[in-house]
Amino acid sequence: MAKGYNPNFERDLVEVFGEDAQKAKRLTRFIGLIKGKAPETLEEWKFVLAAWDGDRP
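Residues numbered from 1 in each chain as written. Predicted model: local features only at pLDDT ≥ 70, side-chain atom pairs only at ≥ 80, totals over all residues. Heavy atoms only, no water.

**Student:** Break down the packing of helix 1 (residues 7-15) against helix 2 (residues 21-34) for me, with residues and values.
**Tutor:** It is at 9 Å that the axes of helix 1 and helix 2 come closest, and there the two elements cross at 140°. The pairing of helix 1 with helix 2 is recorded here as oblique in orientation. Considering only the axes of helix 1 and helix 2, their crossing is right-handed. Contact residues: Phe9, Glu10, Leu13 and Val14 in helix 1; Ala21, Ala24, Lys25, Leu27, Thr28 and Ile31 in helix 2. Among the residues forming the contact of helix 1 with helix 2, the class breakdown is 7 nonpolar, 1 polar and 2 charged. (Axes fitted to C-alpha atoms, helices over the stretch in contact; angles between N-to-C directions. Helix = DSSP H or I, 4+ residues; strand = E, 2+ residues; numbered from the N terminus. Parallel < 35°, antiparallel > 145°, perpendicular 65-115°, else oblique. Left-handed = near helix turned anticlockwise from the far one by under 90°. Contact = heavy atoms within 4.5 Å. Nonpolar A, V, L, I, M, F, W, Y, C, P; charged D, E, K, R; others polar.)

Laid out in structure tokens, this is it:
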């Protein structure tokens with residue numbers, strides 16, 4: 001699984017907050033990637049921004 005991916009959080013976004021599944025997956029990956037430590041290198045930023053855009057880095 002991708003770093004920071006939390007399927008329980010994704011499920012909660014869909015069930016509790018009514019987010020669509022694709023948006024919930026994108027938000028889950030994005031939050032997982034930036035929580036704890038902010039990206040520092042250009043490669044790390046590319047990975048995080050690809051997750052935000054919904055691309056698979």
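**Student:** Hey, could you go over the pattern of salt bridges for me, with residue numbers and the actual values?
**Tutor:** The full count for this structure, using the stated rule, is 3 salt bridges. Of the charged contacts in the structure, one is a salt bridge between arginine 11 and glutamate 15, with a shortest N-O distance of 3.7 Å. Highlighted residues: arginine 11 and glutamate 15, both in helix 1, separated by 4 residues, approximately one helical turn. One salt bridge in this structure joins lysine 46 and glutamate 43, with 3.7 Å as the shortest N-O distance. Residue lysine 46 and its partner glutamate 43 are located together in helix 3 (residues 42-53), separated by 3 residues, close to a single helical turn. (Salt bridge = Lys/Arg side-chain N within 4 Å of Asp/Glu carboxyl O.)

**Student:** Any details on the packing of helix 2 against helix 3? Residues and values, ideally.
**Tutor:** Where helix 2 contacts helix 3, the axes come no closer than 8 Å and their chain directions differ by 160°. Relative to helix 3, the element helix 2 is oriented roughly antiparallel. Both helix 2 and helix 3 take part in a crossing whose hand is left-handed. Contact residues: Arg26, Leu27, Arg29, Phe30, Leu33 and Ile34 in helix 2; Phe47, Val48, Ala51, Trp52 and Asp53 in helix 3. Taken together, the residues of the contact of helix 2 with helix 3 sort by class into 8 nonpolar, no polar and 3 charged.

**Student:** Which residues make up helix 2, and what values do they have?
**Tutor:** With 14 residues, helix 2 extends 20 Å from end C-alpha to end C-alpha; this agrees with the ideal 20 Å at 1.5 Å per step. By the burial criterion, the buried members of helix 2 are Ala24, Leu27, Thr28, Arg29, Phe30, Gly32 and Leu33. Those residues of helix 2 that are buried are in contact with helix 1 and helix 3. Of the residues one or two after helix 2, glycine 36 is the one with positive phi, at around 90°. (Expected span 1.5 Å × (residues − 1). Buried < 20%, exposed > 50% of the residue type's maximum accessible area, 1.4 Å probe, protein only.)

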